[in-house]
Amino acid sequence: MSVLTDKSVFTSLKQKGPLAARDEVELDRLISPLSRDWVTNLKLSELDVTKYRALRRQIFEFLDISSFREIQKLLSDSEARQRCSRRACNLLGNMFAISGTEQEIIFKVNEYARTADSVIKSLQSKLFAPYASHVAITNEVEITTDTVDLLLMIFDNRYHKKARFEAHRKLSLMNLAGSIDQRERETQIEDKFAQFLAFLNDYVWSTAQKIGEHDIVYLLSHHEGSEFRCVDVKVIRKEDAPHIPLGKGMKLTLLKRRRFRVGSREIPIYVSIRKKPPEAKVLKLLRKNEKNPAVAVDDDLGLMAVLNSEADVKIFQNHLTQSASNAESFMILEDISDTLTGGIHKGSSTGSSTKTPMLKFFARLGGMRVEFIIHTNRSWVNYIYQRDVAHDEYEVKRIFDSGVADLLFPQEIYFLNHQTVRNNMIRLFRKQIEEAWLWSENGSG
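These figures come from a predicted structure and were not determined experimentally.

Q: Give a description of the packing of helix α2 (residues 46-63) against helix α8 (residues 147-154) that names residues and reports values.
A: Two numbers describe how α2 lies on α8: the axes approach to 11 Å, and their chain directions differ by 130°. Between α2 and α8, the interaxial angle falls into the category oblique. Note on packing geometry: the crossing formed by α2 with α8 is left-handed. Residues Ile59, Phe62 and Leu63 of α2 form the contact with α8, whose own contacting residues are Thr147, Val148, Leu151 and Leu152. Taken together, the residues of the contact of α2 with α8 sort by class into 6 nonpolar, 1 polar and no charged.

Structure, rendered in structure tokens:
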């Protein structure tokens, strides 16, 4: 579901909605032609009226006022604003179950502000990289972490519409960051991540390697056709990689592989162990049109693995089950999806491709639920490079097609045509993918 629909849970951020940032703020003229038109439009949707009334009550309670006219006093009285900030700090601490002193609560809320900024900067640095200057955060908004100061910016006519929208956006993202942090503390995700790493090191990986040791190899793949699909892939020693001339349709992909032992065999495996950073979880909540991380973020812990063949994939799956038993925990595999041997991947995420072959499942063990995504060498290089499958393309599609780009960077304020930006970014990533890479001294192809 797009976050721009009438059923969006982010109605207040929609620039085409009833709470859009306007060119002017009129706190001293609540009855005017502009306000009459606004009320008329608001009444077109009973749901919007209900949401507005709820939000208005929250604003009044948060600022400890009874009308919008009282905001003007807070804007001009620094001492009253400081008292309001201290009170708000206590309210937020209780809402997000933050224990500690006032300074400790402030530090945690400041973390939420940094996460909110990181959400925007992560998009600015990659998916909007050629348009970075368009979507840069207004300086005054970026340096502000106090929630009362940000809220008051929305009603301060000294600030331009862009700055007022960004203050509103930052507060919304901070709220999501706070919900995510509370969820992580409740589920003890940090402890579980450490436990998961310990389980892998103690029971899954070969003891012939030291912790953190890798065997470095390269995948030499050949890609053909309009889909740039892999037709051949083989493992190359790192010593041989610099001497391979790369022509059209050829890619060299670095793999740092661990090993696991089954009987007398040492089987190589590339592993990427993931704990989503807070900004990635915020974006996922936005894409899923959901404010509850317990519902939308089900992949706090994840492992991506690449093996040489489908046979090795099955061996690794069995090895996991046996390793869990050795660790005195039963392991159950849930939500299994296997398209490595054929079939169509039915991804639920906006922008996902049906052409993506993988083995995907959740493993429940040791009090944890871990997402596993497993590839063969061939499916892995297709996951990186194939047209309509490549992860860089997928990132573009899921942000733009879900409406998140338009929600965070509305065209009226940032003067960007999102369909044009989307198509340009896909072309840029395809160009970067399909051009032959030259060997470089840092060992990447």
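Q: Describe in detail the pairing of strand β3 (residues 250-262), supporting the description with residues and values.
A: When a strand is regular, its side chains alternate between the sheet's two faces. Sheet topology places strand β1 (residues 215-224) next to β3; 8 bridges connect them, and they run antiparallel. Residue pairing for β3: Ser221 is matched across the bridge by Lys251. Note: β3 against strand β4 (residues 265-275), 6 bridges, orientation antiparallel. Counted as the bridge partner of Phe260 is Ile267 from β4. Following β3, the chain reverses through 2 residues before pairing antiparallel with β4; Gly263 in that reversal takes a positive phi of roughly 65°.

Q: Got a sec to walk through the nonpolar core? Specific residues and values, please.
A: Counting 76 residues, the largest nonpolar core has Leu63, Ile71, Phe128, Leu173, Leu286 and Leu408 as the members making the most contacts within it. Setting aside residues no more than four positions away along its own chain, Leu286 makes contact with Val3, Phe10, Leu173, Leu176, Val404, Leu407 and Leu408. In this structure, Ile189, Phe199, Ile267 and Leu359 belong to the second largest nonpolar core, which totals 29 residues.

Q: Can you break down the pattern of salt bridges residue by residue, with the values?
A: Opposite charge on two side chains permits pairing when their charged atoms draw close. Enumeration according to the criterion identifies 31 salt bridges in this entry. Between Arg158 and Asp156 there is a salt bridge, with the nearest N and O atoms lying 2.8 Å from each other. Look at Asp156 and you get buried, because its relative accessible area is 7%. Each of Lys108, Glu111, Asp181 and Arg185 takes part in one network of salt bridges that share partners.

Q: Please set out helix α9 (residues 161-187) residue by residue, giving values where relevant.
A: Taking 1.5 Å per residue as the helical rise, α9 with its 27 residues ought to reach 39 Å, and the 39 Å between its terminal C-alpha atoms agrees with that figure. Counting buried residues in α9 gives 23 out of 27 residues, a clear majority hidden from the surface. A positive backbone phi angle near 55° is found at Gln188, which sits one or two residues after α9.

Q: Pulling in residues and values, what's your account of a positive patch on the surface?
A: A contiguous patch of positive charge, built from Lys43, Arg53, Arg56 and Arg57, is present on the exposed surface. Inspection of the secondary structure puts Arg56 in helix α2. Accessibility expressed as a relative area gives 30% for Arg56, which makes it partly exposed.

Q: Describe the sheet that holds strand β6 (residues 332-338), and please don't skip the residues or the numbers.
A: With mixed pairing, 8 strands are arranged side by side in an open sheet as β2-β1-β3-β4-β5-β8-β7-β6. A single partner strand is all that each edge strand has here, and the edge strands are β2 (229-237) and β6. Each adjacent strand pair in this sheet contributes to an overall mean axis angle of 35°, direction not counted. With 7 bridges joining them, strand β5 (residues 301-307) and strand β8 (residues 368-376) adopt parallel strand pairing. By the bridge assignment for β8, Ala305 is matched with Ile374. Helix α10 (residues 189-204) rests against β3, β4, β5, β7 (359-365) and β8 of the sheet, and its axis sits at about 175° to β4.

Rules used throughout
- Residues numbered from 1 in each chain as written.
- Predicted model: local features only at pLDDT ≥ 70, side-chain atom pairs only at ≥ 80, totals over all residues.
- Heavy atoms only, no water.
- Axes fitted to C-alpha atoms, helices over the stretch in contact; angles between N-to-C directions.
- Helix = DSSP H or I, 4+ residues; strand = E, 2+ residues; numbered from the N terminus.
- Parallel < 35°, antiparallel > 145°, perpendicular 65-115°, else oblique.
- Left-handed = near helix turned anticlockwise from the far one by under 90°.
- Contact = heavy atoms within 4.5 Å.
- Nonpolar A, V, L, I, M, F, W, Y, C, P; charged D, E, K, R; others polar.
- Pairing = 2+ DSSP bridges.
- Core = buried A, V, L, I, M, F, W, Y, C linked by side-chain atoms within 4.5 Å.
- Buried < 20%, exposed > 50% of the residue type's maximum accessible area, 1.4 Å probe, protein only.
- Salt bridge = Lys/Arg side-chain N within 4 Å of Asp/Glu carboxyl O.
- Expected span 1.5 Å × (residues − 1).
- Patch = residues over 30% accessible without salt bridge, like charges linked within 9 Å, V, L, I, M, F, W, Y side chains within 5 Å.
- Areas by Shrake-Rupley, 256 points an atom, 1.4 Å probe, with all protein chains shown as cover.
- Lys, Arg positive; Asp, Glu negative; His and termini not counted.
- Charge placed at Lys NZ, Arg CZ, Asp CG, Glu CD.

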